[in-house]
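Okay, here's what each chain looks like letter by letter:
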Amino acid sequence: MSTARVLAALVAVGWVAAAAHAADEASVLRQRAELLAAEDRCDEAIRRARRARELAPGDARAALVEGRCLLRQGFYRESIAPLEKARELDPALPGVSTDLAQSHYHLDELPAASVELDRAEAQDPDDARMHLYRGLVLLRDSREAEAAAAFDRASALDPRLAEVAGLYSGRSWAAVREREKASAAFARARDADPDSEWARSAERELEALDAPYRRNKWLRLRGGIEWDDNVALRVAGSADTLNNNAFGPNSFQFSERNDVRGVWEGEAGLEFLRDPDQSLGAAVGYQGNAHMKEFHELDLQYPWISGWYDRRLSEDTWIRLQPFAGYSWLETDPYVAHAGGLIAVSHDVTDDLEAQLYGRINVNDFRVRIPPDPVLSVVTPAQFPGVADDARRRRNRDGVQYDAGTEWTYLFDSTLTTLRVGGVYNRYESEGKDWSYHGGRGTVSILQPLPFRFTLTLDGSFDYLDFDHRSSYLPANVYVFGRGPKRRDRVAVGEAELGYAITDWMTLSARYQYTDNDSNTELFDYDRHIVGGYLTFFWTD
């Protein structure tokens, strides 16, 4: 054999040996990359996989390791090229189309993701991850029922996906108001691994899912003590009372007086029916007070009852029907019975703004006998025998009140301040001419959370009342058949209450209220200051 042939043979042998060595090294590098990837050491795995691909460009598994590690690290765009190369080199590699669908989904390339999912399903209909991402794509396309079915399929095929697939399945079933299926899906996600974040999210959403069906019940108790500088609501020197029936015939002896009283109230409520579209319930309550000096004639007892039915009219609009009734005593004598009803429509204008329109009717039946005018009964019965009875008729306060109003509530997210502003038109039609009027009221209320568990509530209102007839109350309390002034009242009320939450269910508070009743009829022209301290208990379930 010639020397040339010998040299060529040696070169060929060396080249084959070098190629074999490179192939062996690439195989070792790729195997090492796969082990590192399994240990979630993707940075090292990527370096070895890339070196393996340099030594063996046709190694599909090395390209797959690189692509999947990039996908796991969130480098979705960078993962696509090696994954596509892996599929090109070996179309039989399982799960590559699902990997590509995952990358395209996270890049918001939903059409490309759908194409890859179709390929993955054709290759393996039981690929759990394919069903998971199929559900995610369908969910983004607002096809919630189909998405939920895909998530459920993923959970059934691979219990390891029960947390994430169960959570998304619950959300999807809830969106189409399949409450039982949503509840079962959330429970699967919660029970798969109770300590995981997915499970905690599922638990929160399960509670939120059940909340619209959970019937509320509550109890509120409040007690305190108040100082009132004008218990009888009178000006100095007046010889009558506000409606001439709270005191006896000697009421003209009283003038502006102060007193201290204990006050208490309670309320309990229960819902009988509740779902996302309606609510039916009832509440009962009681208010009372006891004066500590001489004004026991004004000790109040007032039980009441109310019911309601709320119905959803649209996604953001509700209607309420609410009947109510009450009865009160002053000391132990019956004072007034009343009953009526309210109809209101509420609408969420935005997430932070709610508007309400309402109408209300209230029928009053005063159960006290109006005594004769204390002056007329003494000085004029013989000369004017019908005058005292006419005074009683004119001062009969029985009647019906009609209200039509609106209230707007706004929540400032930045400070958690709640602002309420309202306005209402009033009409009162009484049997006695002294009490028929029309007018309006404007209200404003601010609830402000403060540091260290304090809250501040500010309320203000202004009423303008224009009475229909001339008053029977003259400055000297001389009755001359309604020849007094045509009564007009302007009533301004301001109130501030500072509360401190001792616990989640007990609050201590202090309140100040000022009333200025500006009237052109002397008896009703007064002001009033109230200062009080209270302890409130509140329980709800």
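Described below are features of the structure shown in this document. Treat the numbers as computed from the prediction; the structure is a model and nothing was measured.

Rules of the game
Residues numbered from 1 in each chain as written. Predicted model: local features only at pLDDT ≥ 70, side-chain atom pairs only at ≥ 80, totals over all residues. Heavy atoms only, no water. Salt bridge = Lys/Arg side-chain N within 4 Å of Asp/Glu carboxyl O. Helix = DSSP H or I, 4+ residues; strand = E, 2+ residues; numbered from the N terminus. Buried < 20%, exposed > 50% of the residue type's maximum accessible area, 1.4 Å probe, protein only. Phe/Tyr/Trp six-rings, centres within 6.5 Å; stacked < 30°, edge-to-face > 60°. Lys NZ or Arg CZ within 6 Å of the ring centre and 35° of its normal. Expected span 1.5 Å × (residues − 1). Arc of directions from axis to C-beta. Contact = heavy atoms within 4.5 Å. Axes fitted to C-alpha atoms, helices over the stretch in contact; angles between N-to-C directions. Parallel < 35°, antiparallel > 145°, perpendicular 65-115°, else oblique. Left-handed = near helix turned anticlockwise from the far one by under 90°. Nonpolar A, V, L, I, M, F, W, Y, C, P; charged D, E, K, R; others polar.

This model, assessed by the stated rule, comprises 46 salt bridges. Across the pair D277 and R177 runs a salt bridge, and its minimum N-O distance is 3.4 Å. Of this pair, D277 sits in the loop between β2 (259–275) and β3 (278–291) while R177 sits in the loop between α9 (162–175) and α10 (179–192), placing them 100 residues apart in sequence. In this structure, R222 and E497 form a salt bridge, with 3.1 Å as the shortest nitrogen-oxygen distance. A residue pair is termed long-range when its members are at least 10 positions apart, and R222 in strand β1 (residues 217–228) and E497 in strand β12 (residues 486–503) qualify at 275 residues. For R222, a relative accessible area of 14% corresponds to the buried category. Residue classification places E497 among the buried positions, given a relative accessible area of 18%. Through salt bridges with shared partners, a single ionic network connects E226, D228, R261, E495, R511 and R528.

On to the packing of aromatic side chains, then. For the structure on display, the rule yields 12 aromatic pairs. Ring centres 6.3 Å apart and planes at 55° place the aromatic pair Y168 and W198 in the tilted group. Note that Y168 is positioned in helix α9 and W198 in helix α11 (residues 197–210), a separation of 30 residues in sequence. Looking at Y168, the relative accessible area reads 22%, which means it is partly exposed. Measuring from centroid to centroid gives 5.8 Å for Y428 and Y437, while their planes differ by 15°, and the two rings are stacked. Since its relative accessible area comes to 13%, Y437 is described here as buried. Positioned over the ring face of W173 is K181, at 4.6 Å from the centre of the ring.

Another aspect to go through is α11. Over its 14 residues, α11 runs 20 Å from end to end, which matches the ideal 20 Å to within 8%, given 1.5 Å per residue. By the burial criterion, the buried members of α11 are A199, S201, A202, L206 and L209. Angularly, the buried residues of α11 cover 155° about the axis, an arc narrow enough to put them on a single face. Looking at the buried residues of α11, the elements they touch are α9 and α10.

Our next topic: the packing of helix α5 (residues 96–106) against helix α7 (residues 128–140). Between α5 and α7, the least distance of the axes is 10 Å, while the angle of their chain directions is 25°. Accordingly, the angle class assigned to the pair α5 and α7 is roughly parallel. Crossing handedness for the pair α5 and α7: left-handed. Each of T98, D99, Q102, Y105 and H106 in α5 lies in contact with α7, whose residues at this interface are R129, M130, Y133, L136, V137 and R140. Grouping the constituent residues of the contact of α5 with α7 by class yields five nonpolar, three polar and three charged.

Taken by themselves, the reported measurements are silent on function.
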